[in-house]
Amino acid sequence: MRRAPYFKFRQYLSGTSPNSEQAKANLVTLCRTHLLGRYEIEVVDVSREPDRALRDGIYMTPSLMRLAPSPVFMIVGTLSQSESVLQALGLLASST
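Residues numbered from 1 in each chain as written. Predicted model: local features only at pLDDT ≥ 70, side-chain atom pairs only at ≥ 80, totals over all residues. Heavy atoms only, no water.

S.K.: Could you give an account of the environment of Tyr59, with specific residues and numbers?
M.R.: Residue position: Tyr59 is located in the loop between helix 2 (50-55) and strand 3 (63-68). Once the C-alpha coordinates of Tyr59 and Leu89 are considered, the two residues, 30 residues apart in sequence, prove to be 21 Å apart. (Helix = DSSP H or I, 4+ residues; strand = E, 2+ residues; numbered from the N terminus.)

Following this line, the structure appears as structure tokens:
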């Protein structure tokens, strides 16, 4: 029996701005709903760690980087378009 993949995310936020708070809440909701027990979220506050954001190539917030499973990719925004986010994460079958 094949195990479901484990997801690792790094979310880049800017303090407690409304967009950052919305992105954080949307990610937690998506993970709790679709990845229960199979996810890890690291949060990087770019207002506190601007050098890290630049090193990681982050120029816009909020941004979400999926580190695992491969391939690594990034989504920018509040993650409010849940169907699109789920599809990008590979959790929703393509409609084509």
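From this point on, the discussion continues.
S.K.: Tell me about the pairing of strand 4 (residues 73-76), residues and numbers included.
M.R.: Pairing of strand 3 with strand 4 involves four bridges; the strand directions are antiparallel. Paired with Arg66 across the strands is Phe73, a residue of strand 4. Turn length for the strand 3-strand 4 hairpin, with the two strands adjacent in sequence and antiparallel, is four residues. (Pairing = 2+ DSSP bridges.)

S.K.: Let's hear about the sheet that holds strand 4: which residues, and what values?
M.R.: Strand order in the open sheet formed by four strands is 2-1-3-4, with mixed pairing between adjacent strands. A strand with exactly one partner marks an edge of an open sheet, and here the two such strands are strand 2 (39-45) and strand 4. Strand-to-strand twist in this sheet, taken as the mean axis angle between neighbours without regard to direction, amounts to 20°. Pairing of strand 1 (residues 7-13) with strand 3 involves five bridges; the strand directions are antiparallel. Bridged to Tyr12 within strand 3 is Ser63. Packed onto the sheet, helix 1 (residues 18-34) meets strand 1, strand 2 and strand 3 and runs at close to 170° relative to strand 1. (Axes fitted to C-alpha atoms, helices over the stretch in contact; angles between N-to-C directions. Contact = heavy atoms within 4.5 Å.)

S.K.: Talk me through the nonpolar core; I want residue IDs and the actual numbers.
M.R.: Formed by Phe7, Phe9, Leu27, Leu30, Cys31, Leu35, Leu64, Ile75, Leu79, Val85, Leu86 and Leu89, the largest nonpolar core amounts to 12 residues. Looking at this core, the elements with two or more residues in it are strand 1, helix 1 and helix 3 (82-88). The element contributing the most residues to this core is helix 1, with three residues. Of all hydrophobic cores here, the second largest spans six residues; its members include Tyr12, Val44, Val46 and Ile58. (Core = buried A, V, L, I, M, F, W, Y, C linked by side-chain atoms within 4.5 Å. Buried < 20%, exposed > 50% of the residue type's maximum accessible area, 1.4 Å probe, protein only.)

S.K.: How would you explain a nonpolar patch on the surface if you had to name every residue and give the values?
M.R.: A cluster of nonpolar side chains, contributed by Leu54, Tyr59, Met60, Met74 and Val76, occupies part of the molecular surface with about 560 Å² of accessible area. With respect to the secondary-structure elements, Leu54 resides in helix 2. (Patch = residues over 30% accessible without salt bridge, like charges linked within 9 Å, V, L, I, M, F, W, Y side chains within 5 Å. Areas by Shrake-Rupley, 256 points an atom, 1.4 Å probe, with all protein chains shown as cover. Salt bridge = Lys/Arg side-chain N within 4 Å of Asp/Glu carboxyl O.)

S.K.: So what's going on with helix 1? Which residues, and what values?
M.R.: Helix length check: helix 1, at 17 residues, gives a terminal C-alpha distance of 24 Å against a target of 24 Å (1.5 Å per residue), a fit within 8%. Listed as buried for helix 1 are Ser20, Ala23, Asn26, Leu27, Leu30 and Cys31. All buried residues of helix 1 lie within an arc of 130° about the axis, which places them on one face of the element. Relative to its buried face, helix 1 has exposed residues pointing more than 90 degrees away, namely Pro18, Arg32 and Thr33. Lining the buried residues of helix 1 we find strand 1, strand 2, strand 3 and helix 3. (Expected span 1.5 Å × (residues − 1). Arc of directions from axis to C-beta.)

S.K.: I'd like a rundown of the pattern of salt bridges, residues and numbers included.
M.R.: Following the criterion strictly, the structure yields five salt bridges and no others. The residue Glu40 makes a salt bridge to Lys8 at a minimum N-O spacing of 4.0 Å. With Glu40 in strand 2 and Lys8 in strand 1, the pair connects residues that are 32 residues apart, well separated along the chain. Overall, the relative accessible area of 35% leaves Glu40 in the partly exposed class. For Lys8, a relative accessible area of 30% corresponds to the partly exposed category. For Arg48, the salt bridge identified is with Asp45, shortest N-O distance 3.7 Å. Arg48 gets classed as exposed once you look at its relative accessible area, which sits at 72%. One salt-bridge network, held together by shared partners, links Arg10, Glu42, Arg52 and Asp56.

Bear in mind that shape data such as this cannot, by itself, settle questions of function.
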